[in-house]
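Geometric and topological summary
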Amino acid sequence: MAETDTADIQTLALDAWHRDHGARMVPFAGYHMPVQYDGVIAEHLWTRTEAGLFDVSHMGQLTFHGDNVDMALETLLPGDLQILKDGRLRYSMLLDESGGIIDDLMATRRRDHFYVVVNGATKNGDIEEFERRLPRGIVVDHWKEQALLALQGPRAAEVLEALAPGIAELSFMQGGQFEIAGTPAWISRSGYTGEDGYEISIAARAAASVADALLAHEAVKPIGLGARDSLRLEAGLPLYGHDLDRETTPVMADLQFAIGKRRRADGGFPGASRIVGEIDQGSVQRRIGLNVEGRQPVREGALILNGEGNEIGRITSGTFSPSLQRPIAMGYVASAQAEPGTALKLEQRGKIFDAVVTPMPFVPHRYHRKPAGA
Amino acid sequence: MTTYFTGEHEWIKVEGDTATIGISDHAQNALGDIVFAEVPEQGRALNKGDEAAVVESVKAASDVYAPVAGEVIMGNPALADDPALINRDPEGEGWFFKMTLADAGELDGLMDQAAYREWVKTL
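Let me begin by describing the structure that accompanies this report. (Residues numbered from 1 in each chain as written. Chains lettered and ligands numbered in written order. Predicted model: local features only at pLDDT ≥ 70, side-chain atom pairs only at ≥ 80, totals over all residues.)

**Section: the sheet that holds strand β1 (residues 10–11) of chain A**
All names here are of chain A.
- Reading across the sheet, the 3 strands line up as β1-β3-β2 and stay open at both edges, with mixed pairing between neighbours. Edge strands, defined here as strands with exactly one partner in the open sheet, are β1 and β2 (24–28).
- As judged from the 2 bridges shared by β1 and strand β3 (residues 31–36), these two strands associate in the parallel manner. Among the inter-strand pairings, T11 is bridged to a residue of β3, identified as H32.
- This element, helix α7 (residues 225–234), spans β2 and β3 of the sheet and lies at about 70° to β3. (Pairing = 2+ DSSP bridges. Helix = DSSP H or I, 4+ residues; strand = E, 2+ residues; numbered from the N terminus. Contact = placed C-beta atoms within 7 Å. Axes fitted to C-alpha atoms, helices over the stretch in contact; angles between N-to-C directions.)

Following this line, the structure appears as structure tokens:
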């Protein structure tokens, strides 16, 4: 095991809390992060049946203030933000001038401003992009003293309602101001596991008391980054820096759901002509899900081959699915080979694997959506 | 019967001119939940340091190296269906393969159990 220079790595507000709860810490996105407590598979399955508590305080929490801030953000993000009502959030992407993805993010309209959560490893670059490219008069603030917890799983609502009454009324992709364990909190019904659940933004100094209050419930266990990765992969959710980068557009990444009807018609976001063209005519490559035969995981960097043995793409994420008890993967292939049911070969360390293109999510989402018309 | 350990966290249990190879408790703990293991085929000739087997956890793949030269007698057939056996009993039922011992002199550079346990504490 190689020595790693850990001098420049930051600590989370909950660093001691994680260690006290038996976490194995690893460097990730510039922070010492808990990768596992009891074990990845146990934590993964716990989140699918009970409630898992995640510390995602490495992520960047930003606010944007200014006149017509929704229109200003729409110059960089392809999502329809003007249509968002107060307290509603939306998945979107920060795009470069040619439509490549600089980062993916969640944007919430909060009264007169927007609250945006970006990835930890990319947050500093994102802030520079926003400050350089947003219209004058938009003020970007980075809330470094704010922690972010996620409570995910079928029992999350029951647990959280006892501590923050009213959260059960939120529907998927809706947030509000609450109080939890005596601390003001912005809580949204959202997450990165495919389960019902919440993300809880609180002052970093209160993070340990809020985490303790949540963990006091018998349904809650702390969950590390390892299970976070296998959970999001089963849910078909891409991870920036692996499944998404500047070489991929929202259409290549199969994320065109995030580009609203009005934005498709009117454009006005970076790379709009290219992206609208890809929506109409298809992109050259496309992100797909794969069921892999056998038991061995096929991971990032493995080659994807067609029936003739020619390389048609690469695996960008892969693991052994704890819920399905089989290897699953994501990757990019030529769009002609992206249809579900297409049989492909994978090559990893000289070994060939059979795989079949599979619709995602691999494990069905169980978000709390209100019935249509409600 | 003597058990030796390598700096790559393999153990090698020697009985006469045959040896059983596996990974240490420290190694299985570091890997986490093991979901796949591939053992070498019977009859395969191994040089010291060859990649002999593969072990994969949810997060990562690792190679198991041949600690000595010899020929594979058999792989552990139980690992294909139950790779978690390596987590449960790494230095017993979770063995990887048995091999002949071509040169007993190759054992000289390996750690004995007490030395390995002490060394692991320093990691």
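Next comes the rest of the account.
**A closer look at the sheet that holds strand β19 (residues 343–348) of chain A**
All names here are of chain A.
- Around the barrel, which closes on itself, the 6 strands sit in the order β15-β18-β17-β16-β19-β20 with antiparallel pairing between neighbours. Sheet twist, expressed as the average angle between the axes of neighbouring strands with direction ignored, equals 40°.
- As paired strands, strand β15 (residues 285–292) and strand β18 (residues 326–334) are joined by 7 bridges and run antiparallel to one another. By the bridge assignment for β18, L290 is matched with A329.

**Some points on unusual backbone geometry**
Residue and element names in this part refer to chain A.
- A cis amide bond links M360 with the next residue in sequence, P361, at an omega value of 5°.
- Mapped onto the elements of the fold, P361 is located in the segment after β20 (351–358).
- One non-glycine residue with positive phi stands out, namely R349, at about 45°.

**What to know about the interface of chain A and chain B**
- The interface is formed by 12 residues belonging to chain A together with 8 residues belonging to chain B.
- Broken down by secondary-structure element, the contributors of at least two residues to the side of chain A that touches chain B are α2 (40–49), α7 and β17 (311–321) of chain A.
- Split by residue class, the side of chain A that touches chain B holds 4 nonpolar, 6 polar and 2 charged. (Nonpolar A, V, L, I, M, F, W, Y, C, P; charged D, E, K, R; others polar.)

**Focus: the environment of S317(A)**
All names here are of chain A.
- Following the sequence through the fold, S317 ends up in strand β17.
- Spatially, the C-alpha atom of S317 lies 20 Å from that of S283, the residues being 34 residues apart in sequence.
- Residues in contact with S317, not counting those within four places in the same chain, are L233, L239, H242, D243, E300, A329 and M330.

**A closer look at the environment of T358(A)**
- By the element assignment, T358(A) lies in strand β20.
- The spacing of T358(A) and F178(A) is 180 residues in sequence and 40 Å in space, taken between C-alpha atoms.

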